[in-house]
Amino acid sequence: MRVLVTRPLPAAEATVRRLEAAGHQPILLPLMQATHLAATAITALEVPHAAIVLTSAEAIRVLVSSDADLSQHLATPCFCVGAATAQAAAGLGFTDLRIAEGTGQSLAELIGATIDTLPPLPLLYLAGTPRSEGLEMGLRQTGIEHRAVECYRMEPIAHPRAAIEDLRRSNRPDAVLLYSRETARQFVRLLFEAGVDAASFAPRYLCLSPVVAEALPGNVVAETAAKPDEDSLFSLL
């Protein structure tokens, strides 16, 4: 099966390897790229906080890119949105990992259930932009004090119209993998600018969550993973 991978590098490379191991033919077309604001992240860590909150492994890559000595922070409670983010945090050396079920809402609920065990300080949310509102909305609703510090920006990658047209003509994918709402929006925008109908470009669109699927046109076949993780997304294949 030809599978279009739209997630950013370097995460897309791991997805490509998994697809190849499963016997699929991956087609790499990253639609977003990260701009790291490492100094902003390091400065934020220096302000007292009760715990660190992460909704993406990209924030960990920001810390890695800083080359700063993070040893004094690695025992700080680290709330991670899901297993992939927690794995990245563990790889950097964080030891007190608290893992939610893959959504901002589940992460807010996990924090709310354990907030009384933390010091009376704000949480530090190492965030990106754009981002979904689930986590911050949940924290506000429960009155949990937090600081959202934007330490990376996800920016669109410009692909020429000819690249999209060539994919449709000579290497039409059997499925498109979509991991975020913003990526889905960017993909729909690229197709529109190339004059390509989404339904004719690929027969299946496999989405990490319902929020991602909502960004697609109503005439496409949008399938949603049972859980917001890559294992569940791959099971759709």
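Our structure is the block above this text.
Now for a look at the structure at hand. (Residues numbered from 1 in each chain as written. Predicted model: local features only at pLDDT ≥ 70, side-chain atom pairs only at ≥ 80, totals over all residues. Heavy atoms only, no water.)

### Re the overall build of the protein
A count of helices and strands for the protein gives 11 helices and 11 strands. Relative to its length of 237 residues, the protein is compact, with a C-alpha radius of gyration of 19 Å against a globular reference of 18 Å. Considering only contacts within the protein whose residues lie at least 6 apart along the sequence, 66% involve residues at least 24 apart. If the 19 positive side-chain charges of the protein are averaged to one point and the 26 negative ones to another, these points end up 6 Å apart. (Helix = DSSP H or I, 4+ residues; strand = E, 2+ residues; numbered from the N terminus. Rg over C-alpha atoms; globule rule 2.2 N^0.38 Å. Contact = heavy atoms within 4.5 Å. Lys, Arg positive; Asp, Glu negative; His and termini not counted. Charge placed at Lys NZ, Arg CZ, Asp CG, Glu CD.)

### Here's the deal with the environment of Glu101
Tracing the backbone through its elements, the reader meets Glu101 in the loop between β6 (97-99) and α5 (104-114). Sequence spacing of Glu101 and Phe192 is 91 residues, and the spatial spacing of their C-alpha atoms is 34 Å. In this view, Glu101 contacts Val81, Ser106 and Pro228; residues no more than four positions away in its chain are not counted.

### Regarding the pairing of strand β2 (residues 25-28)
Relative to β2, strand β1 (residues 2-5) runs parallel, the two being bridged by four bridges. Of the residues in β2, the one forming a bridge with Val3 is Pro26. Of the crossover connections in this fold, the one passing from β1 over helix α1 (residues 11-21) to the parallel β2 is right-handed. (Pairing = 2+ DSSP bridges. Right-handed = clockwise from strand over helix to strand, strands pointing away.)

### Digging into the sheet that holds strand β9 (residues 175-178)
In space, the five strands of this open sheet follow the order β2-β1-β9-β10-β11, with parallel pairing throughout. Edge positions in the sheet fall to β2 and β11 (222-224), since each of these pairs with one other strand and no more. When the angles between neighbouring strand axes are averaged without regard to direction, this sheet yields 25 degrees. Across three bridges, β9 lies against strand β10 (residues 205-207) in parallel orientation. Counterpart to Val176 in the pairing with β10 is Tyr205. (Axes fitted to C-alpha atoms, helices over the stretch in contact; angles between N-to-C directions.)

### What to know about helix α6 (residues 134-141)
Along α6, the positions that sit buried rather than exposed are Leu135, Glu136, Gly138 and Leu139. Along the axis of α6, the buried residues cluster in a sector spanning 160 degrees; they form a single face. In α6, those exposed residues whose orientation departs by more than 90 degrees from the buried face are Arg140 and Gln141. Where the residues of α6 are buried, they touch β4 (52-54), α5, β7 (123-129) and β8 (146-156). Residue Gly143 follows α6 closely and has a positive phi angle near 70 degrees. (Buried < 20%, exposed > 50% of the residue type's maximum accessible area, 1.4 Å probe, protein only. Arc of directions from axis to C-beta.)

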